[in-house]
Structure formats: structure tokens, C-alpha cells
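Okay, here's what each chain looks like letter by letter:
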Amino acid sequence: MNRFEWTSAGAVAAAARLGPVTVAEAMATQSGAPGTAATVLKAGGIDLLDLMKEGLLTPRRIVNLRGIPELGRILEGADGSLRIGSLVTLAQIAEHPLVARRYRALAQAAGLPASPQIRNVATIGGNLLQRPHCWYFRSLHHHCLRKGGATCFAFSGENRYHAVFAHEGCAMVHPSTTAPALVALGARIELLRRDGSRRMVALESLFLTPEEDIRRENDLKPGEILAAIILPPMKPGVRSWYERQGEQDSFDWPVAEVAVVVKLDSPGICREAAVILGAAAPVPYRAKAAESALIGKPSSAGNARDAARAAVAGADPLSGNGYKLPVFEALVARAILHAANQG
Ligand SMILES: Cc1cc2nc3c(=O)[nH]c(=O)nc-3n(C[C@H](O)[C@H](O)[C@H](O)COP(=O)(O)OP(=O)(O)OC[C@H]3O[C@@H](n4cnc5c(N)ncnc54)[C@H](O)[C@@H]3O)c2cc1C
Ligand code: SF4
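Residues numbered from 1 in each chain as written. Chains lettered and ligands numbered in written order. Predicted model: local features only at pLDDT ≥ 70, side-chain atom pairs only at ≥ 80, totals over all residues. Heavy atoms only, no water.

### Side note on the sheet that holds strand β2 (residues 39-42)
To keep things clear, this is the line we draw: If DSSP finds at least two bridges between two strands, the strands pair. For helices the rule is a DSSP run of H or I covering at least 4 residues; for strands it is a run of E covering at least 2, with both sets numbered from the N terminus onward. Note on geometry: axes are C-alpha line fits, over the in-contact stretch for helices, and angles between N-to-C directions span 0 to 180 degrees.
Taking strand neighbours across the sheet as the criterion, the three strands line up as β1-β3-β2 in an open arrangement whose pairing is parallel. Each of the sheet's edge strands pairs with one partner strand only, and the pair in question is β1 (5-8) and β2. Each strand axis lies, on average, 25° off the axis of its neighbour in the sheet, ignoring direction. One ladder, built from four bridges, connects β1 with strand β3 (residues 61-64); its direction is parallel. Bridged to E5 within β3 is R61.

See the structure below:
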């Protein structure tokens, strides 16, 4: 690991004034060798320190955000919305009673990644902004397209954990487990700029496909700090559920995951639906055909199965990951039924 300067920021404005760049920008050099001039932000540090230990990131200065109190709170708005500061840990979200009651898919998604020790340190902001876990991306010896090289090694290589949808140019899967749940729930995010101004965007629109920009997973601008995630008030009849499957039950990344949100009217007819797949594509993947298949229908097992079939109908698996499709189909059907049948 390289030598670096360590600075603790006590306020968001102070952190922004130190001129941080995104980790994607800090890693981007023509040669593939990591740049050494950058100032980068640290939340829990799980992903940041991994990249440094792997030799992929060699920053000049690290700005620790952990001492900024306003980023560490969960606050309920007067309108029933919920503001989750970007430094709130996955463990705090999983255990928060309001999150568990109103935004169940998020509580479930936050309670499962990695181990309890990691969830006690990993923050929601860092979770959304972590870099890909494609094994070629994480290897110092593979200068792939996402790192500015000339080729993607996954298409002709080992791709059993890679994308089955929308993988034009790069077949990584988006690493964040909380992202599908937050997108399904209609979350927005608040970003603070260097000049003190704020921008609010729908979380779904933050993520970039490889066609939009193969070097960045999200549209965070240099110097921007993710301040909070805002969940909308829950309308009557809205329920949510998250399901995932890994190769083993603990400490493992999912091979497939799904977050479902449905709004049912009083006879149990689905009026609104969101079905977002994770570990499926380079961005949290909206299964639009499954959403359309649910709307206007009662929440029966047969309709859930039809929607699940529709969710995987347009998939484009690689040589080694066709096994994911029946897994996604089973998870989608299960998540729809669990969401619809909650008390
Ligand atoms: C064994 C293991 C299993 C795992 N399994 C899963 C899993 O199943 N699902 C999953 O989602 N994750 C999994 N992870 C990854 C882990 O959850 C993430 O590394 C962690 O959530 C990152 O959060 P952090 O707070 O440590 O982020 P950091 O490492 O501190 O930061 C991550 C990135 O976000 C940027 N950043 C952080 N906060 C801000 C902010 N407020 N504003 C602007 N930029 C910011 C940093 O500059 C950095 O680029 C696993 C990790 C391990 C080690
Ligand atoms: S899938 Fe993406 S991150 Fe992985 S090797 Fe290909 S270009 Fe690189």
C-alpha cells in the first residue's frame, strides 16, 4: 500500500473544499497504472481499502467522512418520507424499526450482505458507490475496458458471476445489494457540490450503463458528496420484499437477487409494480415485462409465475452463467408472492 495523507472532515463543506475526486476518476490513467495525485473520500472504508490493498488505487490523500454527524442520522420527514444519511451503516438500516415496518425490502437487503462485522462498518453511501467486483477488474494484471484497456476479459473468460442482461461492452454486475431495493422503492438522493449547492436526482438515474460510460458506474461528479437517500412516504396498499440467492448462505455475494414493490387495491388487484433485479446487469435492472405482467391482475401464484417468466424472457446469458435464469425466475415469483401476501 502507498503512503498517503489522512484528513478527518468535521463538516460536509470542509470535506468538499479539500477537492476530492471520485475513485473512478482517481483510478483512470492512460497506462492502467493507478494515478497518485488524487484526494478521495472514505466512508466505512471496506471497498476503498480493498482497492488500495489490491494495488489498484494509490491516492495522495484520504478524507475520512466518519466524523460528520449530519451524515449519520435517519430522520422522518413531516410528510412521512424518510431521510437516511449516507454514513448510516447497513446494520443500522436493517435494525431500524421504521425501515423494517415501511420499507421492508430495504431492511432485508441491508441485513444480508457480507458478515455482521462488515455490516457494522459499511455505510449505505459507500455501498451504492463501491466499484465492481468483477474478478478481472480487481486483478492488477488485467487492464480491461473499464480500466481504460482494449478488451473485456469476461466474454471469452470465466463469466459465471457476470451479467445476463444489458451487458454491451462490459458484463460486470452492479455490486450494490441495497441498490435494487432502493430503486424499487423510488428513492432519490441528495448530492452536495463543492460550491455548496445541492442536486437531487432519482437514484435510478445515477447509475450509468457501459454504453453511457464504460469507465464509471455512476454519474457522481468530481467533488460531489452523497449526503442522503430519501425514501418517499409509503402510499396505502404498498408492500415490498427482497430475495437473494448465493452459492452459500453466509459472507457470500449473491448470484441473483430481486426487490419487488407492489401496490394492491382492496380486492387485491395490483395497481403499481416495481421489479428490480440485482447481480443481473451493470446497473440495477428494471424487469419492465414483469412489471407490466403484474399490473391489473390479482396477486395469485399463477400470475406471479407468469411475471417471473416475463422477467427473464429477454435475457442474454454468457457462456457460463445460463444457470442464473431459473434462479432469477424462482426468486422473482417468490418475492412477488411474499410482497403481496404480507399482513
Ligand atoms: C466478504 C464480503 C462480502 C460482501 N458482500 C456484499 C454483498 O453481498 N452485497 C453488497 O452490496 N456488498 C457486499 N460487500 C461489499 C461491502 O458491502 C461494501 O464494500 C461496503 O458497503 C462499502 O461501504 P463503505 O462505507 O465501506 O464504503 P467505502 O469503501 O468507504 O467507499 C466506497 C466508495 O464510495 C465513495 N464514497 C463513500 N461515501 C461517500 C459519500 N458520502 N459521498 C461520495 N462518495 C462516497 C468512496 O470514495 C469509495 O469510492 C461485501 C464485502 C466483503 C468484504
Ligand atoms: S466485465 Fe467489465 S469490469 Fe469485468 S473485465 Fe469486462 S470490462 Fe472489465
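### Quick notes on helix α13 (residues 324-340)
Heads up, the rule is: Multiplying 1.5 Å by the helix residue count minus one yields the expected span of that helix. Exposure classes here rest on a 1.4 Å probe applied to the protein chains alone. A residue is buried below 20% of its type maximum, exposed above 50%, and partly exposed in between. We call two residues in contact whenever any of their non-hydrogen atoms come within 4.5 Å of each other.
Its 17 residues place the ends of α13 24 Å apart at the C-alpha level, agreeing with the 24 Å of an ideal helix rising 1.5 Å per residue. Buried within α13 we find K324, L325, F328, L331, V332, A333, A335, I336, A339 and A340. Lining the buried residues of α13 we find β9 (238-246), β10 (254-264), β11 (270-278), α11 (288-294) and α12 (301-313).

### Some points on the domain arrangement of the protein
Rule in force here: Each domain's extent is set by a domain assignment, obtained either automatically or from a database. Between Lys or Arg on one side and Asp or Glu on the other, a salt bridge is scored when a side-chain nitrogen of the former is within 4 Å of a carboxyl oxygen of the latter. Under this definition, polar contacts are N or O atom pairs within 3.5 Å; protein pairs additionally need one hydrogen-donor-capable and one acceptor-capable atom, and for neighbouring residues in sequence, both atoms have to be side-chain atoms. The nonpolar class holds Ala, Val, Leu, Ile, Met, Phe, Trp, Tyr, Cys and Pro. Asp, Glu, Lys and Arg form the charged class, and all remaining residues, Gly among them, are polar.
Assigned domains within the protein: domain 1 (5-66), domain 2 (69-128 + 174-231) and domain 3 (238-340). Distance from the C-alpha centre of domain 1 to the C-alpha centre of domain 2: 19 Å. The interface of domain 1 with domain 2 comprises 18 residues on the first partner and 20 residues on the second. Taken together, the connections running from domain 1 to domain 2 amount to zero salt bridges. For the interface between domain 1 and domain 2, the tally reads three residue pairs in polar contact (both at pLDDT 80 or more). When residues of the side of domain 1 that touches domain 2 are traced back to their parent elements, those giving at least two are α1 (12-17) and α2 (23-27). Here the element with the most residues in the side of domain 1 that touches domain 2 is α1; it accounts for three residues. The residue makeup of the side of domain 1 that touches domain 2, split by class, is eleven nonpolar, five polar and two charged.

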